[in-house]
Amino acid sequence: MKNIKMKKAILSLFALAIVSVSCDDFLDVNENPNDPSISTPSLTLPVALEDFGELNGRTMTYLGNQLVVNWATPSNWSANAIYSRYNFSADDFSNIFETSYATIFKNLTYIENYEDPSGAVDYSNYKAISKIVKGFQYQMLVDLYGDVPYTEANLRGDNTTPAYDDAETIYKSVIEDLGVAVDLINNSAAAEDPGTQDILFEGHMDYWVEFANSIRLRMLVRMSNTGQDAYIASQIADITANGGGFIHATAGVNPGYTASDNQQSPFFDYFVQPNGAQQNRKDFTVASEYALAFLTNANDPRLERLYEEAANGGYKGAEQSTILPGVGFTSDDLSKVGPGLLVSADQDQIVMSEAEALFVQAEATVRGYLPGGDAAAQALYEAAITASFVQLGVEDAETEAQTYYNQDIINVSWDDSTDKIQAIITQKWVALNGTSSIESWIDLTRTGYPAGLPIPAESDGVRPIRLLYPSSEYARNVNNVPTQTADDVFTNAPFWK
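Residues numbered from 1 in each chain as written. Predicted model: local features only at pLDDT ≥ 70, side-chain atom pairs only at ≥ 80, totals over all residues. Heavy atoms only, no water.

Trainee: Help me get a handle on the packing of aromatic side chains, residues and values and all.
Mentor: Here the structure, examined in full by the defined rule, presents 35 aromatic pairs. Between Trp71 and Phe271 the ring centres are 5.8 Å apart and the planes differ by 80°, which places this aromatic pair in the edge-to-face class. In this pair, Trp71 sits in strand S1 (residues 71-72) while Phe271 sits in helix H11 (residues 266-271), placing the two residues 200 residues apart along the sequence. Seen from their ring centres, Phe88 and Phe93 are 5.2 Å apart, and the 70° between their planes marks the pair as edge-to-face. What makes Phe93 buried here is its relative accessible area of 13%. Ring pairs connect the aromatic residues Tyr62, Trp71, Tyr83, Phe88, Phe93, Phe267, Tyr270 and Phe271, which therefore count as one cluster. (Phe/Tyr/Trp six-rings, centres within 6.5 Å; stacked < 30°, edge-to-face > 60°. Helix = DSSP H or I, 4+ residues; strand = E, 2+ residues; numbered from the N terminus. Buried < 20%, exposed > 50% of the residue type's maximum accessible area, 1.4 Å probe, protein only.)

Structure follows, in structure tokens:
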């Protein structure tokens, strides 16, 4: 599988234009999937995938980077106080919940329910893709919120107040549904090829099998502390049996991003304007002191790709604090998000990197879920580090990666790391800096690694482990949404903790 760089395919952009212009009307009537004048899966899929990439590339990535102390805020900005104080409320990050249900799941459910009125077109591949993307996003919702609507969700007018399902039950249902999606792909030789309407893998259904297997393995590894090794082993045996393997290149959404208003790659657009000037967010998002120190002490050349040199010279970070000194800690004094992350307006919006998939496999191997023992785990670990170097554009990446992981440093060198899980999660944290860093926060909650991450002095000294349900849910679904208090952010752990 190659790292997809989508062209400005006329068909794809035409579909996006049609559906985007009339999105509200379209969503209001998608209860009737048998009316082809409304839409078809080929028109709906790119919209769902674009929304999926945007949500994961913006709010979720920014939240993750702050909570695992990759980023901080300079003294000349008052933004981001929430990350120094951890005073989360039901109104914070609500678009993660809302966008998942109101747009992503709604469009994916439409695709899953659609039947061609003529009976001439087999949309099985579209339905499989929908199941896989749903699985990815439901995993995130359970990890971040716990119990969420699942069995009664997205029934439109048939049920506007869906019940909340048990988090673990959802997890297992998603894991099994990912297997169903793979079977659907493997038994749909006559199904329509999504082609360029698939803005993630360009219709390469074998890549979707790899992606489904990778998500499934990630979920099973996450359940490693729940005492369900027999269940995990049976599910991994099923993955092995389908023969599809795991992703071996970075998976990224790209409908044809370009340097124009509302058309840039989402993460890039968060920081850089189409004319090349920085967005305010780039000015108030700087390196954390801790992350820079970790990279420096490990002689890690990725430092200069993850962060850029400060306007006043050198590489410098800050603590996560709202009371930094006014001198020496302004946005000109500190390093901002770097060139390995902000590559271009047309860059793919990463949803799962090759490095992440390899680290998950390495952990699964150490835990005995995948075969090969220590030698296989080491090979996966070192391949993951190399993939990170390549992704970030480190010059002579493979040689530099080998030099890096052969140093006699704990949590860098495999042989020098007595706790292999700690080494894997620590290096995964470095590799996911600026991309799928929400995974690093989830890993931190699950494992306690990376060890030693500082907690802001202005907080109560306890790190958040989940989000609160949005206020809108209490307004429209009060009889079903679980009751919460502000303390739940710190005390109500996910089921797999």
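Trainee: I'd love a proper account of helix H4 (residues 59-67), names of residues and values included.
Mentor: Every α-helix winds through 3.6 residues per turn, so residues three or four apart in the chain are directed the same way. In terms of burial, H4 is a largely internal element, 9 of the 9 residues being buried. Buried residues of H4: Thr59, Met60, Thr61, Tyr62, Leu63, Gly64, Asn65, Gln66 and Leu67, and no others. Within two residues after H4, Val69 carries a phi angle of roughly 60°, on the positive side.

Trainee: Report on the environment of Gly313, specifying residues and quantitative values.
Mentor: By secondary structure assignment, the location of Gly313 is in the loop between helix H14 (303-306) and strand S6 (349-352). Using a relative accessible area of 39% as the deciding quantity, one classes Gly313 as partly exposed. For Gly313 and Asp332, which are 19 residues apart along the polypeptide, the C-alpha to C-alpha distance reads 8.6 Å.

All quantities given are derived from atomic positions and should not be read as evidence of function.
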